[in-house]
Amino acid sequence: DTEVTQTPKHLVMGMTNKKSLKCEQHMGHRAMYWYKQKAKKPPELMFVYSYEKLSINESVPSRFSPECPNSSLLNLHLHALQPEDSALYLCASSRTQGTSGYEQYFGPGTRLTVT
Amino acid sequence: GQQVMQIPQYQHVQEGEDFTTYCNSSTTLSNIQWYKQRPGGHPVFLIQLVKSGEVKKQKRLTFQFGEAKKNSSLHITATQTTDVGTYFCAGPTGRRALTFGSGTRLQVQP
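Residues numbered from 1 in each chain as written. Chains lettered and ligands numbered in written order. Predicted model: local features only at pLDDT ≥ 70, side-chain atom pairs only at ≥ 80, totals over all residues. Heavy atoms only, no water.

(A) Structural detail: the side chain of Ser-93 of chain A. All names here are of chain A. Following the sequence through the fold, Ser-93 ends up in strand β9 (residues 87-94). By relative accessible area, Ser-93 is classed as buried at 0%. If we skip the residues at most four places from it in the chain, Ser-93 touches Val-4, Gln-25, Met-27, His-29, Ala-31, Met-32, Tyr-33, Glu-103, Gln-104 and Tyr-105. (Helix = DSSP H or I, 4+ residues; strand = E, 2+ residues; numbered from the N terminus. Buried < 20%, exposed > 50% of the residue type's maximum accessible area, 1.4 Å probe, protein only. Contact = heavy atoms within 4.5 Å.)

Structure below.
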């Protein structure tokens, strides 16, 4: 199974809402990633988890809160978002996080609209 | 910080024509990866290059890593409508993550 799943596919939320994005993989990968992608732009790294510990936080605002409950699951908790946070949120996983450059497998993404 | 640029930003070709996208890094890379993202889709891994001067082929796609390991290219021979999408190169940063290039969007006219 080389699939990364993400739910929901689409999400519309108001600026005062709290919601969560979910990501799951069953490839035994020990590195998981959250990316944000705006239209016609490359994916921008937000967070990296390695062996269920937060390894990288790319200075993401605290209204985005990641969580890695176990090696297969990755969540992104959203609170008090701004309209400019509307984007495609991509989850990815790789065998490990390392300079040897393991390929990343991406999920289909959650299309988030903040109203 | 590290920057990875790609040119062109956009290319429109007639089906059957060749296409090339170029990737340039501001720093030397230990490896480079290429991904393809179809319209409305997510990035899909195509290939990884590790050695200086390495050339790899996948059917009509030819990938090259520069001698100085600061640039790379992807060449598609005889494009097909299935090649439509955005092609990203990506290189590892010093903090063991990937930096994606700016991407080249390919449109193929049937």
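(B) Just the interface of chain B and chain A, in detail. With 19 residues of chain B at the contact, the number on the chain A side is 24 residues. In this assembly, chain B packs against chain A so that about 1700 Å² is buried in total across both faces, 53% of it on carbon and sulfur atoms. Its largest share of buried area at the contact with chain A, chain B owes to Arg-95, Arg-96 and Phe-100 of chain B, together 33% of the area lost on that side. Put simply, chain B and chain A have zero salt bridges between them. There are three residue pairs in polar contact (both at pLDDT 80 or more) connecting chain B and chain A. (Buried area = accessible area lost by both parts, 1.4 Å probe. Salt bridge = Lys/Arg side-chain N within 4 Å of Asp/Glu carboxyl O. Polar contact = N/O pair within 3.5 Å; in protein donor to acceptor, adjacent residues only side chain to side chain.)

(C) Fine view of the side chain of Asn-31 of chain B. Residue and element names in this part refer to chain B. Position of Asn-31 relative to the elements: it lies in the loop between β3 (19-25) and β4 (32-37). Exposure remark for Asn-31: the relative accessible area of 1% places this residue in the buried category. At a separation of 3.2 Å, a polar atom in the side chain of Asn-31 contacts the side chain of Ser-30.

(D) Here's a closer look at the pattern of salt bridges. All names here are of chain B. Within this structure, the stated rule accounts for four salt bridges over all chains. In this structure, the salt-bridge partner of Arg-60 is Asp-83, at a minimum N-O distance of 2.9 Å. Taken together, the positions of Arg-60 in the loop between β6 (55-58) and β7 (61-65) and Asp-83 in the loop between β8 (71-76) and β9 (85-92) put the pair 23 residues apart, joining distant regions of the chain. Take Asp-83: its relative accessible area is 4%, and that puts it in the buried class.

(E) Up close: the environment of Leu-74 of chain A. All names here are of chain A. With respect to the helices and strands, Leu-74 occurs in strand β8 (residues 73-79). With a relative accessible area of 0%, Leu-74 lands in the buried category. Separated by 34 residues in sequence, Leu-74 and Pro-108 have C-alpha atoms that sit 14 Å apart. With near-sequence residues (within four places) excluded, Leu-74 lies in contact with Leu-21, Lys-22, Cys-23, Met-32, Tyr-33, Trp-34, Tyr-49, Glu-67, Cys-68, Pro-69 and Cys-91.

(F) Structural context of the nonpolar core. Residues Trp-34, Phe-64, Leu-76 and Leu-78 of chain A are the most contacted members of the largest nonpolar core, which totals 23 residues. Among the secondary structure elements, those contributing two or more residues to this core are β2 (10-13), β3 (18-25), β4 (31-37), β5 (44-50), β7 (64-70), β8, β9 and β11 (110-114) of chain A. Core analysis: the second largest hydrophobic core is formed by 20 residues, Val-4, Ile-47, Leu-61 and Val-84 of chain B among them. (Core = buried A, V, L, I, M, F, W, Y, C linked by side-chain atoms within 4.5 Å.)

(G) Representation of the packing of aromatic side chains within the structure. All names here are of chain B. Taken as a whole, this structure holds eleven aromatic pairs over all chains when the rule is applied. Relative to Tyr-87, the ring of Phe-19 has its centre 6.0 Å away and its plane inclined at 45°; by these criteria the two rings are tilted. Of this pair, Phe-19 sits in strand β3 while Tyr-87 sits in strand β9, and the two are 68 residues apart along the sequence. With a relative accessible area of 1%, Phe-19 lands in the buried category. Tyr-87 sits in the buried class, given a relative accessible area of 1%. (Phe/Tyr/Trp six-rings, centres within 6.5 Å; stacked < 30°, edge-to-face > 60°.)

Note that every value here comes from positions in space, so none of it alone points to a role or purpose.
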